[in-house]
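Observations on the model geometry
So you can see what is in the structure, the chains are spelled out below.
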Amino acid sequence: MSNDKQNQMKMGKGPRRGGGPMGGGPGHGMPMEKAKNFKAGFRRLLSYLTRHRAALIIVIVMAVGATVFGIFGPKTLGNATTELFKPLSAQAEAYSNLKDALPDDIEAQLNDGTITIEQAVGAVAAAGDEQQTAKVMQAAAELQEAAELRIDFAKVGVIILTVIGLYLASSLFNFILQFVMAKTSQTIVYDMRREVENKLAKLPLKYFDGRTHGEILSRVTNDIDTVSTSLQQGLTQIISAVTMLIGIMVMMFTISWIITLVSMVVLPLSFIVSRAVIKKSQKFFKGQQVELGHLNGHVEEMYAAHTVVKAFGKEAESEEQFDEINERLYGVGWKAQFLSGIMMPLMHFLSNISYVFVCVIGGVLVINGRISIGDVQAFIQYSRQFTQPITQVAQIANVMQSTIASAERVFEVLDEPEMSEDRLVGNVPEANGAVEFSHVSFGYELGKTVIKDMNLDVKPGDVVAIVGPTGAGKTTLVNLLMRFYEVDEGRISVDGMDLKDMPRETLRERFGMVLQDTWLFGGTIRDNIAYGREGATEEEIKRAAKMAHADHFIRTLPDGYDTVLNEEASNISSGQKQLLTIARALLADPPILILDEATSNVDTRTEAYIQNAMIALMEGRTNFVIAHRLSTIRNASTILVMNEGRIIEQGTHQQLMDKNGFYADLYNSQFTGAATA
Amino acid sequence: MTKLLRYIRPYKWPAILVVLLTAGQSISQLYLPDLMSDIVDKGVVGKDIGLIIETGLIMLGFSLVVSVCTVLARLFGAKVAAGFARDIRSDIFKSVTNYSMNEFDKIGTASLITRSTNDVTQIQNAMVMILSMLLMAPIMCVGGIIMAVRESTGLSWIIMAAVAVMSVFILIVAKNALPLFKSLQKKVDRVNLVLREGLTGIRVIRAFNKTKHEQKRFDEANKDLTNTSIKVYRWMAVMFPVIMMVLNLSTIAVIWFGGHRVDTGDVQVGQLMAFQQYVMQIMFAVIMATMMFVMLPRASASADRINEVLKMAPSITDKTKAAPEAPLHGHVEFRNVSFYYEGAKDPVLSNISFVSKPGQTTAVIGGTGSGKSTLIKLIPRFYDVTVGQVLVDGVDVRDYPQAELRKKIGFVPQKASLVSGTIADNLRFGSAEASEEDMNKALSIAQAEEFVTKEKGGVNAAVSQDGSNFSGGQKQRLSIARALVRKPEVYIFDDSFSALDFKTDAKLRRALASEVTQASVFIVAQRVSTVMNADNILVLDEGHLVGQGTHRELMQSCGTYREIVESQLSVEELA
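All figures in this text were calculated on a predicted structure; none of them were measured in a lab.

A count of helical and extended segments in chain B gives 20 helices and 12 strands. In summary, chain B has a C-alpha radius of gyration of 36 Å against a globular reference of 25 Å for 575 residues, an excess of more than 25%. For chain B, the C-alpha atoms occupy an extent of roughly 115 × 65 × 50 Å along the three principal directions. Buried residues in chain B amount to 51% of all 575 residues. Within chain B, residue pairs in contact and separated by at least 24 positions form 78% of the contacts whose partners lie at least 6 positions apart.

The following block contains the structure:
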C-alpha cells in the first residue's frame, strides 16, 4: 500500500496535458524520446486514423482548403493597395516624364522650387525649340490628366469583398476542420483507452504483479494523452504547414522570382538555425530533467524520512545536499530556458532580414515597374508568415518521435499475452467445498519452484491453516486456488473438477476472500457490501453487516449505509474496513473461504469484533486461513508451514510438533519464546 | 504572486535590464514599419533608389538591435527566473526541514513535496512568461498605438474597434471554456481513479467476478471525459478561426477606410501599409496579454501554496545554543505529562509519570490511538508537552538545543525509512564516524548481518530510494542497526519489530539485551511476546496510563493488560 501511495504521489503531478489548446508556451526542444520501431508504430497508429476515413478526408480537404484560401488573401489585398497607389504613381510617373523632357537648367530650377510647372513650360516655349516644346506640352498635359485621376473605389470595393470572402472561407474551413478533428481524435483516444482497459481485464495477474501500478497507469493516461494532443494538433499542423509552405512559395514565385530567391536565402538558414537550437537546447533540457529528477528524489526522500532526519540531526547535511542539486539545476535550467527562449528572436531576426530585403528590392522593382506596390505589401505578409511553418516542420520530427514512442507503449500493453480461454468440460459439479491438490508444482519464475509435488485433500468444512513468517509467500496459495496463476504441473480440483476445466467465473463464485489488504472502492458503504452479490436486497445487506458486527458503526456514521467512502477510504478506520470486507464475503456466501486473520492497526476492541465476525464467517465453510491465532492453528485439520515462498512442512499440529522442525521452532519462539529469553 | 516578489530583489538590476532591453526591442521593432513607409512614400514615389537602399540599411540595423536586445533580454530573463526559482526552492526546503512534526502533519508530506517541486516550477514558468511576454505586450500595445496614430490619427478608431471586439470575444470564450478546462481535469482524475482502483483491487474484482462491472465503470468515466474533451476542443475550434478573422478584417478595414484618406491626400500609401502592420502587432500583443491572464491564476495558486509554507514558523525552537550540563546518563523521566495535539479538545496523553534508568527496558503497549507512539515521540522532542515535563539525563528536553538532545537518542521509527545510497551510507546516517567494525557489530545485533553479507558488495551494496530493494523486515533491521551505530544513551523502538517474524524478533531482543547495558531502552509494540520481558511495561488506554510494572505484576493488577494478552496467547501460555 505504501508503495502504491508513492506511485500515486508521483502520478499526482497529473497527466501532462500537452501544451493544451491554450498552451503554446516555451515548447521548443523538450527532451525527445525515440520510438523503438518508428515505421511499425506509425503504421499501426495510422490504422486507427483510417478507421475514420471519411472524417480524415474532410480534415485533409479542409486543411488544404483553409490554407489555400488564406494564402490568396494577402496577394488579393495587395491588388487593393496597388489600386490605391495608382493615381499617385501615375502622377509620379507623369511628373518624372515631364522632368525628363525639360532641359537640365530648367529642371534644376523646378527641383529647387524657384519656378512652377507652368513657368517651366513657359520657359521651354520661350526658348523656341518646337520639338521640345511639343514634348514638354504633352508631358504637362499628361501630368494634368494624372492629377485628375481618382482612386477607383468600385474596383477596390470588389477586391475587398473578394478578400473578405477568401478569409471567411478560410476561417470556416478551419472551423470545420477543428470541429471534425475534435470528435475524431477524441473518439480514437476513447477507443484506445477502452481497448487498453478491456485488455487489462484479459491479462493474467502475472502482468500486474510484475510492474508498478504507476507504470500501468501512465500508459493509459500520460501516453494516451500524448497521442491525443498530437492527433488533435499535430496532424492538422503537419497538413497545413506543408500546404502553407508550398502555397506561399508558389504565390511568392508568381509575384516575383527575384524577391523570392532573395528572401529564400534566409530559408535554409532559418531551418538550420532552428534545428541547431533545438538540438543544443535538448542537451540542456535533458540535463534539466535529470537534475529535476534528482531534486524531486531528494525532496521526496527527505520529506518521507523527516522523522529520521530530525532524530539523527541531519538537517544541515540534507540542506547542503539540496543546495548542491539546486545549484546544478539552476546551472542547466537557465541555459535550457535561454536556448529555448532565443529560438523566437533568432527566427525573428531572420524574418526581419528577409523583410528588409523584400522592402528594398521590392521598392526598386516597383520603380522599375516590374511589380506593383501591392505585391510588395503581399510579399511582406508572406515572408512574415513563412517562418511559422518552418519552425513547425523543424519540430514535427520530434513530435512524431515522441508520439510514436507513446503509442508504442500503449501497443505493448495491447500485445501482451492474454490468459488462457475459459472452457467447461462436462457439467459443473455441485458446490460442496472440497478441494484437492495432487502433485502440484508451481514457480513464479522458470526454474524457481516454490511448490513442489504438493498433495492435499481438503474435505468440505475443513480448516487449512497457513503459517509462516511475514513475507513467506502465503499469497501463493491464494493465487493458485483462485486461478490467478496457473499451476506448472499436477492439478488442483474443486468439488472434483480440475480448475482448468471450469470457467474462472464458476470457480470464483465458490470462493470468498477476506484479505488483510482490504479493497474498497469509492462509492457508498451499501454498494461496497453489495459488491459481494449482484442484486442483493437491502435486508440481506443489513443482515450481512449485522453478522459482521459492522451494522453498529455504520449506523453511527452521519449518512449510514449511504456514506460515500472517499478515494483512499480514509473516512473510516482500517478495522472498520475489515469489517466491511467481512460483510461483503458474508453476503456472497461462498462454500470456500480464504481468510487472513491478521489485524494490524486495529484497537483491541475492534479487534475483538473482527475476531468474532471472522468466526461467524468461517462457520459451515471450507476455510483456508492465513493464521495468526493459536486457537485457529491448533484446531486446523491441516497446517501448511511456509517459509521463503515454499511450503516446507505439512500436517496437524501434533504431527508437526512431533517432527520438531521449523514449525515446532516457530511455535516455540512465537508463543513461549518470550518466557525463555 | 506579489508576495513572492521579494525574491526578485537580489536580481533587481538584471530584471531592470530585462525591462529596458524589452523596451528597446519593442521600440526598435515598432520603428521598422515606419521606415518601410519611407521606402514607399519617398523612395518609390520619388524613384530614389539611393534612399531605398539607405533606408534598407537602417532597417537592417534596427533588426539587429531588436535581436540583440531580445537575446540579451532572454539571457538575463532566464537567469533571473532560474535564480528566483532556485532561491524560493531553497527557502522552502529549509523551512520544511526545520518544521517540527506539528507543521509537517498540518500540511502533509505529499502536499509539501508538490509545493517544493511542482509549484516552484509553475512559478518559474510564470516568471519566464512575465519577463518575456507580459512586459512586451503593453509596450508593443501602447507603442503600436502611438506609432499608428502618428501614421494616421483618423484611422485609429479601427484599432479601438478591433481590440474591443477581440477582447470581448476572448473573454466570452474564456468564460465558457475555462470551466470546461477545470472539469476536464476532474474527469481525467476520475478516469485515473477508476483505473487505479481497478489495479489495486484486481484480486478482489476477479474473485467477485466483477470485471464486467468495473469495465462499465471505466467506460462511463471514459465516455464522460471524451465528451468533455470534445466540447473543449470545439471551443478551440471556434476560437482560432474567429481570432484570425478579426485580425484579417481589421487589415481589410485599414485598406478600405485608409483608401479614402489616401484619396483626399491625408495619408500616403506607405503610411497605410505601416498602419496595417501596426494593427497586426497590437492585436498580437492583445492576444498575448489575454493568454497571460489565463495562465497567471494557475501560477498564483501555486504562489499561495508556497507562501503558506514559507510563512509557517516551526513551533519547536531552541532556547539556547549551549548544551546544558547533564547530571545523569541514560536516564529518562516523565513528570505528570499531558499532551494535546494542536487544536484538539481531548488530550492524547494525560498525566503520565514514570522513570527509566540505564540498562532498563521500558515497554509501551496499548491499542491503536492509545497514544503509545506519541508518548515516545516526546522524548526526542518531536512534540512539546502541553503540561508537565520530560527529562532526559535529568534536564528538561526543552532546555537542550535539539541537536544536542537528539545526539543522546537512537530512534527507530515505525516506518523504516532508508535513504538512497549504500547500506554503509545509511548506517553512517546514525553516526558519521562509525568504523567498519562498528557497523558490522550493529548489523550483527540487528540480525541483519546474514542478508547484508549475501548482498553484492556487503555494506557497500546499493539502497534504492525508500529502500525499495529490501523487504519490510530487512528495512526494519537496517534501521535498527542505524540506531545502534550511534551508541546512544536512550534507545527508542517505535513498533520497530512488527515486520520481523517471531523468531528473529526474539533473537534480536536477546542480542540487544546483552549489548545495551548502559542505556535506557523504550519499546513500543503490539505483540505481547515482544514486551513480556521488559523491566517496566506501560499500559496505555486512550491516553491514560492504566498500568505500570512487570508482566507478572500487570497480569495480577491490570485488566486492560490481561485483555490484550488473552487476545493474543492461549490460556495455557499465560502462566
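Turning our eyes to something else, we now look at the domain arrangement of chain A. All names here are of chain A. Assigned domains within chain A: domain 1 (46-256 + 392-419), domain 2 (257-370), domain 3 (421-510 + 592-677) and domain 4 (520-589). Taken together, the contacts link 13 residues of domain 3 with 10 residues of domain 4. Among the elements that take part in the side of domain 3 that touches domain 4, helix 21 (residues 604-618) stands out by supplying 8 residues, more than any other.

At the junction of the two partners, chain A supplies 126 residues and chain B supplies 127 residues. If you tally residues by element for the side of chain A that touches chain B, the top one is helix 13 (residues 315-367) of chain A, at 25 residues. For the side of chain A that touches chain B, the per-class residue count stands at 67 nonpolar, 38 polar and 21 charged.

Attention shifts here to helix 18 (residues 538-547) of chain A. For helix 18 of chain A, every residue scored as buried is listed here: I541, A544 and A545 of chain A. All buried residues of helix 18 of chain A fall inside an arc of 100° around its axis, so they share one side.

The next subject is unusual backbone geometry. All names here are of chain A. Not every positive phi belongs to a glycine, and D589 is a case in point at roughly 50°. Mapped onto the secondary structure, D589 falls in the loop between helix 20 (574-588) and strand 7 (592-596). When the 15 C-beta atoms within 10 Å are taken as the criterion, D589 is described as partly exposed.

Before going further, it helps to examine the nonpolar core. Of all hydrophobic cores here, the largest spans 246 residues; its most connected members are I123, V279, A481 and I492 of chain B. Sorting elements by how many residues they give to this core places helix 13 of chain A first, with 25 residues. F437, I466, I626 and I633 of chain A belong to the second-largest nonpolar core, a separate cluster that totals 99 residues.

Two orientations exist for strands paired in a sheet by backbone hydrogen bonds: parallel and antiparallel. Residues and elements named next belong to chain A. In space, the 6 strands of this open sheet follow the order 6-7-8-3-9-10, with mixed pairing throughout. For this open sheet the edge positions go to strand 6 (511-514) and strand 10 (646-651), each flanked by a neighbour on one side alone. Neighbour-to-neighbour, the strand axes of the sheet open up by a mean angle of 15°, direction not taken into account. Judged from the 4 bridges that link them, strand 3 (residues 463-467) and strand 9 (residues 638-643) form a sheet pairing that is parallel. Across the sheet, V464 pairs through a bridge with T638, a residue of strand 9.

Now for the packing of helix 11 (residues 266-304) of chain A against helix 4 (residues 109-116) of chain B. Two elements in contact, helix 11 of chain A and helix 4 of chain B, have axes separated by 10 Å at closest approach and are oriented at 150°. One element, helix 11 of chain A, and the other, helix 4 of chain B, form an angle in the roughly antiparallel class. Between helix 11 of chain A and helix 4 of chain B lies a crossing of right-handed hand. Facing V299, E300, Y303 and A304 of chain A of helix 11 of chain A, the residues of helix 4 of chain B in contact are T109, L112, I113 and S116 of chain B. Of the residues belonging to the contact of helix 11 of chain A with helix 4 of chain B, the class tally is 5 nonpolar, 2 polar and 1 charged.

With that settled, the discussion passes to the packing of helix 13 of chain A against helix 1 (residues 12-44) of chain B. Helix 1 of chain B packs onto helix 13 of chain A with a crossing angle of 20° between their chain directions and a minimal axis gap of 10 Å. Between helix 13 of chain A and helix 1 of chain B, the angle is such that the two are roughly parallel. In the packing of helix 13 of chain A onto helix 1 of chain B, the handedness of the crossing is right-handed. Contacts between helix 13 of chain A and helix 1 of chain B involve C359, G363, V366 and I367 of chain A on the former and, on the latter, M36, I39, V40, G43 and V44 of chain B. Taken together, the residues of the contact of helix 13 of chain A with helix 1 of chain B sort by class into 7 nonpolar, 2 polar and no charged.

Conventions we followed
Residue numbers here run from 1 along each chain, matching the order of that chain's written sequence. To label them, take the chains in the order written and letter them from A, then take the ligands in the order written and number them from 1. A pLDDT threshold of at least 70 governs which residues receive local features in this predicted model, and a stricter bar of 80 or more applies before side-chain atom pairs are shown or counted, although totals over entire chains, interfaces and linings include all residues. Where helices and strands are cited, they refer to DSSP runs of H or I of at least four residues and of E of at least two residues respectively, numbered from the N terminus. Radius of gyration here is computed from C-alpha atoms only, and the compact-globule reference equals 2.2 Å multiplied by the residue count raised to the power 0.38. We call a residue exposed when 12 or fewer other C-beta atoms sit within 10 Å of its C-beta, buried when the count reaches 20 or more, and partly exposed for counts in between; the C-beta positions come from the backbone. A pair of residues counts as a contact when their C-beta atoms, built from backbone coordinates, are within 7 Å of each other. Throughout the structure description, domain borders are defined by an automatic or database domain assignment. Three classes are used: nonpolar for Ala, Val, Leu, Ile, Met, Phe, Trp, Tyr, Cys and Pro, charged for Asp, Glu, Lys and Arg, and polar for all others, with Gly counted as polar. The arc in question is traced by the directions running from the helix axis to the C-beta atoms. To define a nonpolar core, we join buried Ala, Val, Leu, Ile, Met, Phe, Trp, Tyr and Cys residues through C-beta atoms within 7 Å and take the resulting set. We treat two strands as partners when DSSP finds at least two bridges between them. Interaxial angles span 0 to 180 degrees and are taken between N-to-C directions of axes, which are lines fitted to C-alpha atoms, for helices over the stretch in contact. In this scheme, roughly parallel covers angles under 35 degrees and roughly antiparallel covers those over 145, while 65 to 115 is roughly perpendicular and the rest are oblique. Here a crossing is taken to be left-handed if its near helix is turned anticlockwise relative to the far helix by less than a right angle, and right-handed if that turn runs clockwise.

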